[in-house]
Structures are given as C-alpha cells and as structure tokens.
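A closer look at the structure
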Amino acid sequence: MTGRNTTPPGRYDPRRGVPPRAPDPETDPGSDPDAVPGAGPGGASSVPSPDPLAPLDLRERLALNRTGTFDWDLDGATLELDACALDVFDLRPDEYDGRSSTLTARLPPEEGYRLDAAVSQAVQDGAPSYGAYFRVHCRDGSPRWTHAQGRILRTADGRPYRITGLVREAGTEMADSVLLRSLQENRQRQTAMVQQTTAALSRALSVADVTRVLTGTGGARRFGADALILGLVDNDRFEVIAITGLPGATPEDMMASRLDDTLPLSDAALSRRAAFLSSRGELMARYPRLRPYLDRVPSGSAVFLPLVAQDRVIAALGLFNTEPKQHSAEDRNLALALAGVVAQSLQRAMLFDQEREFATGLQATMLPRRVPEIAGGEVTVRYHAASTGRDIGGDWYDVIPLPQGRIGLVVGDVQGHDTHAAAVMGQLRIALRAYATEGHSPETVLVRASRFLAELETERFATCTYVQADLESGALHVARAGHLGPLVWDAARHTDWHPVRGGLPLGLATAFGQDHFPETQLFLEPDSALLLCTDGLVEQPGQDITAGIDALTAAVRDGPAELEALADRLSDQLWARSGSGDDMALVLLHRAPAAGTTTITPRFRLHVHQADPSGASEVRAMLRRTMDQWRAGSIAYDIEVAATELITNALTHTDSGALVTVELLPPGPGPGRAGGPRRRVRLEVEDRSSRWPRRRTPGETATSGRGLMMVEALSDVWGAEPRGSGKALWCEFALPGEEHHPPARPRPD
C-alpha cells in the first residue's frame, strides 16, 4: 500500500521529482488545446503561474528535507508510507504492498532486530514515542543511514493501536557524528599516549631506566613513531644513548659528535627549536651530512625535539615514521607535550644517578678494601648493592685479624637504604672492628657496639652476627643481634643452621635496657665451611623467609666445593637472578682439611654453659636434625635421651659446662646388639671435673641416680675416658637396618 497523494494537479510534486502536468482539455473544463498553457483570451494568462514566494504546505516542507510520513495500523497490521517515505527506503510504489514485513528486504537483519527492539521496548514501557537510527540497503547496494520517529497512540485503557511518525535520511548528520567521533577518538588516543608515557617513565629512576622505557617493547609506539633515538647534551658534545627501530648499525661518528647544526638532533639541542619534517627527502635536503646513510633512515616523516628542563637543554629526542606525513597542529602539540614529559623524567634520572654515584662512592670507602689472608683456611666475601632504588644500603661485612691467630667474621645490616644508612654503617663497622681487635669476647663486642650506636643519636638500628673463629682448634664463638645465625656444612655436604642464641638489634637493645648477647660455642671440623649472610640473600617481597633459607641451604648443598665458585653461584642464583630490591653481603669461611687426610668423619660439637640449662634443649634440637640426616631411625630418640642425661650430670655434679661431641663412625668390629659390622653414632660429653662417675643403684623411692643406668640400658656400649684437665663420658649406638656400608673414612685425629 502506498501513501496518500494530496498534491493538486499541475503543482510540482517534490516527492516524485516530476514536472507539473499540463491541463487535459477532455478532463479539465474550459481548457483550450490551442491556447498556451496558462494563458487566457488574447494571450493573457487564464491559469495562475506558480508563485515562488507562495508558502509550502507541511508535506512539501518535509519532502524538501527528504522526510516522509508513515501510518502504522497495529490492529490491521498495515503500514502506510507516503511517496517520500518510499523514496527514503528506495522503494517504488509497485514494490510495496503496505505490510511492514515487506520492508525487511531493505533492512540488514541486525538493523531490523535493533529497530524492532526499539519499538517493542517503547510499547512495553508505555512510552508516548520512540526514535531509532538504522541503515537501509539501497538498490545499488550502498548503505543509507535513516532515522524513524513515531508517536504511539493508545486507547483509553492504554492499549496501543496505531503509530504515526516520520522517516528521513540521516546520512549527513551521521557523517558529522562520525567526524566528531573520529576527532574525539584522536584526542583520546593522544591523551592515552601522554598518560602511557608518563606512567612508564614515572617508574624510571636512573638514566638507564629511562632508556629501557624508550627502547623497550612498545617504546616508540607510545610516541606514535616507528623508530626513536635519544641523545644527551654534555657541554659542547652530543652523545646518543638510546636507539630503537632504526635498521643497521649506527656509525661511530653519529653516536658522539660535536654540538653543531650538521645533524638534526644536535641542531635541535643547539637551536632549542623543534623540527617537523614530512619526508626523508626533506630531511636529506636540510642535513646533507646524512646522505651517506640514506639506507639507515626511514623513508617517512621525522620529528626532532629539544628536551628542556629548568631552562636548560639536557637532551634531544628524534622520532621517525615509515610513511610520509604532514604534521597537523594537534601532532605538533602532542610531540611537544611528550618532549616535556621525557625531559622531566630524564632530568630527575640524571640527578638520581649523581646522588647514587656519590652514595655508592661513600659506601665503597666504608667497606673493607681487601680481605686478609688467614692461616689454616680460606675466606671469601661478596657484596652487591640493591638492583633497584638508589643502589645503596646499610649491609656490611668485615674480616678482622685477632690476637693469638684467631679471626673475626662480621655481617650486619643497618636499617634503611640511603646515604644516612651508609654513613651509620661505616661508623658502626669501624667501632665494632676496634672493639674486636682489642680481643674482647663476642658478647662484649656486640654490647659495646650497641651502646655506640645508641649514642650516635640516630633513629636507625642494626642487626649483626659476630663469629670469633680459631681455625687451629675449630672453635667458633658466636653472638648475634637480631640477625641470621651461621650455616655450617661438612665435607659430605651435611648442612645445618646451628641454633645460636641472640639478643635484640644493636641500638634497640641498649634503648630497652637489654644489651645482653649470649654467646654460643660451635666447632668447625676440618674441611668444613661456614656461611654468614644478610637477609638480602634469603628474603624476597611477598615470600616467606623460610623459603629463602631453604633455597640457600639447597644451593650450598648442591653448589661447587671451591669457595670462590660457590660465592659466585650464590650471588647469581639467589640474588642477581631474582632481581632483589635489597642489598646483600655474605662471608664464606673454609677450614683446611687435616694433614694426611682427604675425608673426615661426620661430626658436630656444641658447648653448653653451666649457667644455661636451656642449652640441653639446643643439643636435642641439633641431634634431631643430625640423626635425620644420618638416618638413625628408631635409635634417634635413645641418643637424645642419653645426651640429655649425660649433659644434666655434667651441669649438676661439676663446676664447668659440657662439651658435647656427636660423630658418625665407620663400620667396625665394635660391640652391637644386632651383631655384625655397622656404622655407629658416638656421643661424648666432656667436662673439666676429674671426679670419676659412679654408677649407683637407687631404691624404688629415689628421685635421682638413674642417669647412668639409662645410658647403659639404651646404648650398645658406654664408658669414661680421662681428658687432660677433665674427663669424657661416651656411649655408642649401632645404626639399624644396614647390611652394606660405604668404605670407612679415616678420622683426622
């Protein structure tokens, strides 16, 4: 069904685009076929001529604006379109039957769904009208943007029965909206480029960090370029420090040159003016010096920007594109804005590098310049500054020659990562070295160091571990202040973190009136080694420190035997590879093997002070770990009970402490309850009393006197031996379940 046609005969119908019809003499009364149309008698006009100033009716106005009307009968399912509406849908009157389903031939499926959804939603919501944009397929296949707006008529009870409205071409306004959207998207893209560049550079601390941002993945694309080059101004010299996206190698005379106007970056820095060049030809015409390197310069546009900070040119930035381009005002403003961002970041990075150079120089003077040679062993050290931040911290190490051939080992960490931490570290290291050189015990050294730090009137505290080592006897006297204890391993790579009692960090201990650092005595067997380190080697952000300690233990157990190689492995595997944000110091000490032997019996020693009964619990903890490594199985508990009884006897019935020695003996003909040669665990507890032990027979109600009875009942064999100024009680336990054993290794003593 077509739309109504109310245009009078003879009037120009703008909807159809046809000229006015001449009067028909048969159908039009009073017409004269010989007369000139529109003329009366005597040639005078009998039909008024159209007046161009006459007002247009509503339909004519709509037709002139490519707008038609429709009338949709919802009950009768008919949709009447006028001639202009048919023209909007690019339909002829004979192609339309008055049904809405016929229009689907002109609408893409997705557009039909969207238009139907808009109408249905308005009807369901009770809205008085609706409007929607959609596309129409014309006869030639081209799309046409169209807009429909309808008024929904309802009955008294609210039921919709009819929709009337307008349909019009909307190509022009949609083109305008596309242009506006394109401009908006371009502004958003420019804003995003500035934001991305600012965000990336905000995390850059050093000049190296800035160059990594510019040359890394997507670095040049953040500036809307395909290639990038950055150079620094140093007095009258220009030095290129970053290049990405340019083919081939850059000639040496281009990497560093005199500041003049023969090269584009140097010229931009010297003139303080940005240069926007549309093509490579324009670039070569302005800078002939680049002609020999034509194949290394992209063929498109180029931009050269001076980087100015605090009214001083510090660098210049070059951007290259593979396609020629005329730079608009928006492009120029964007480039200048990005240049300002890079200039500020680069200036901040240069100041940071200057501060870091000063700080690291200060720290280098605070650390020992050389490690002294020691008799009876070997020592090596490593220090690494933090891989992020200002590359300076309060970690330190020291190796101190002591009287009577002993040696002092120190590792420590002052709170903070700045020049103040480095300054405090240097003062504390010197003070601690002085106290140690005077021959004081480890406890006294740490007490004095804590008081010294408290008197510096600084808010910083420090953790520290100090070891006084006698490599001739293997005796280690250890004291620690809130720091990690030592890791010790033997020739068979049995590793253990020996329990070492400690106190509060230096400075805090004095402030809280608890400057007491109890001393623990350990023994380093021949061909065994010791490690001291700061927490930078075992601690990572977001990771439990126990995981780092386990990783360090595994790295030592599986690492090379040579001390220097092991130090490098620990640095590369645990510190540098993880990119630690903390500094790290470590000290490795190896005791030379005894003369004439290449291997030793696995053994550990601990000293229990008489005034410290809790030392027995440390021995038990050490025994549990060692027996687990030696696979003692069911006899581990028996060994632990026997050790407790012997230590208790020594602390109770003598005036001295107890020296506990536990070693794994090779198979031999010694006694054993299961028979046959087996490896044995030997336990010795030595004291300084010459009073010989006496096995008693206590009564049923006695509360003591059963210690040696228990030792005799639990062990395979036991006894006592004189030891110079004292004696040693010993007992042995055969390891169960062993039928084949490795070759026995000789004892060094």
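A brief structural summary. Remember, it's a predicted structure, so these values are computed and weren't measured experimentally. Along each chain, residue indices are assigned from 1 in the same order as the chain's sequence is written. Per-residue local features are limited, in this predicted model, to residues with pLDDT of at least 70; the limit for side-chain atom pairs, both in listing and counting, is 80 or more; totals at the level of whole chains, interfaces and linings are taken over all residues. The side-chain values count all of the structure's non-hydrogen atoms but skip hydrogen atoms and water molecules.

**Things to note about the packing of helix 10 (residues 419–437) against helix 11 (residues 442–455)**
In contact at an axis separation of 9 Å, helix 10 and helix 11 are set at 145° when each is read in the N-to-C sense. Here the hand of the crossing between helix 10 and helix 11 comes out right-handed. Counted together, V424, Q427, L428, A431, L432, Y435 and A436 of helix 10 and V445, L446, R448, A449, F452 and L453 of helix 11 form the full contact between these two elements. Residue polarity follows a fixed list, in which Ala, Val, Leu, Ile, Met, Phe, Trp, Tyr, Cys and Pro are nonpolar, Asp, Glu, Lys and Arg are charged, and the others, Gly among them, are polar. Class assignment for the residues of the contact of helix 10 with helix 11 results in 11 nonpolar, 1 polar and 1 charged. Lines fitted to C-alpha atoms define the axes here, with helix axes fitted over just the stretch in contact, and angles between the N-to-C directions of these axes take values from 0 to 180 degrees. For the purposes of this entry, the term helix denotes a DSSP run of H or I that reaches at least four residues, the term strand denotes a run of E that reaches at least two, and both are numbered from the N terminus. Left-handed is the label given to a crossing in which the near helix is rotated counterclockwise from the far helix by less than a right angle, and right-handed is the label when the rotation is clockwise. Two residues qualify as a contact provided that any one of their heavy atoms is within 4.5 Å of a heavy atom in the partner residue.

**A word on unusual backbone geometry**
Look at R66: it is not a glycine, yet its phi comes out positive at around 55°. Note on placement: R66 falls in the loop between helix 1 (58–64) and strand 1 (67–73). For Q310, which is not a glycine, the phi torsion comes out positive at approximately 50°. Note on placement: Q310 falls in the loop between strand 10 (302–309) and strand 11 (312–320). Between buried and exposed lies partly exposed: a residue is buried under 20% and exposed over 50% of the maximum accessible area for its type, with that area taken using a 1.4 Å probe on protein chains only. Overall, the relative accessible area of 69% leaves Q310 in the exposed class.

**Considering the packing of helix 16 (residues 636–653) against helix 17 (residues 707–714)**
For any two helices packed against each other, the geometry comes down to the angle between their axes and how far apart the axes lie. One can describe the packing of helix 16 onto helix 17 by two numbers: an axis separation of 9 Å at closest approach and a directional angle of 155°. In this view, helix 16 runs roughly antiparallel relative to helix 17, as classed from their interaxial angle. The crossing of helix 16 and helix 17 is left-handed. Side by side, helix 16 and helix 17 meet where D638, V641, A642, E645, L646 and N649 of the first sit next to G707, L708, M710, V711 and L714 of the second. Here the angle decides the label: under 35 degrees means roughly parallel, over 145 means roughly antiparallel, 65 to 115 means roughly perpendicular, and every other value means oblique.

**Observations concerning the layout of surface pockets**
Here the term cavity refers to a set of points on a 1 Å grid, laid over the protein atoms alone, in which a 1.4 Å probe fits but cannot get out; the term pocket refers to an open set having protein on both sides within 12 Å along at least five of seven lines, with lining residues being those that place an atom within 4 Å of a point. Grid points are joined across faces, edges and corners, and a volume is the space filled by probe spheres set on the points. In this structure, the second largest pocket encloses a volume near 520 Å³. Looking at the lining of the second largest pocket element by element, the count peaks at 6 residues for helix 16. Taken together, the residues of the lining of the second largest pocket break down into 7 nonpolar, 8 polar and 8 charged.

**Focus on the sheet that holds strand 21 (residues 529–533)**
Strand pairing in a sheet is mediated by backbone hydrogen bonds. Such pairs are either parallel or antiparallel. Here, any two strands with at least 2 DSSP bridges between them count as paired. Taken in spatial order, the 5 strands line up as 12-22-21-17-18 in an open sheet, and their pairing is antiparallel. Every other strand in the sheet has two partners, leaving strand 12 (377–384) and strand 18 (495–497) as the edge strands with one partner each. Each neighbouring strand pair of the sheet contributes to a mean axis angle of 15°, computed without reference to strand direction. Pairing geometry for strand 17 (residues 487–489) and strand 21, over 3 bridges, is antiparallel. When the bridges of strand 21 are listed, V488 appears paired with L530. Helix 13 (residues 545–558) contacts strand 17, strand 18 and strand 21 of the sheet and is inclined by roughly 150° relative to strand 18.

**Describing the packing of aromatic side chains**
To pair, rings of Phe, Tyr and Trp, with the six-membered ring standing in for Trp, must have centres within 6.5 Å; the planes then decide the type, stacked if under 30 degrees apart, edge-to-face if over 60, and tilted in the middle. Counted according to the given criterion, the structure contains 2 aromatic pairs. Both rings, one in F304 and one in F320, keep their centres 5.6 Å apart while their planes meet at 80°; by these two values the pair is edge-to-face. Placement of F304 in strand 10 and of F320 in strand 11 is noted, with a sequence separation of 16 residues between them. Each member of the pair, F304 as well as F320, carries the same accessibility label: buried. The ring of F523 is capped by R605, whose NZ or CZ atom sits 5.0 Å from the centre of that ring. Just above the ring of W730 sits the side chain of R682; from NZ or CZ to the centre is 4.4 Å. Either the NZ atom of lysine or the CZ atom of arginine qualifies as a charge over a ring when it sits within 6 Å of the ring centre and within 35 degrees of the ring normal.

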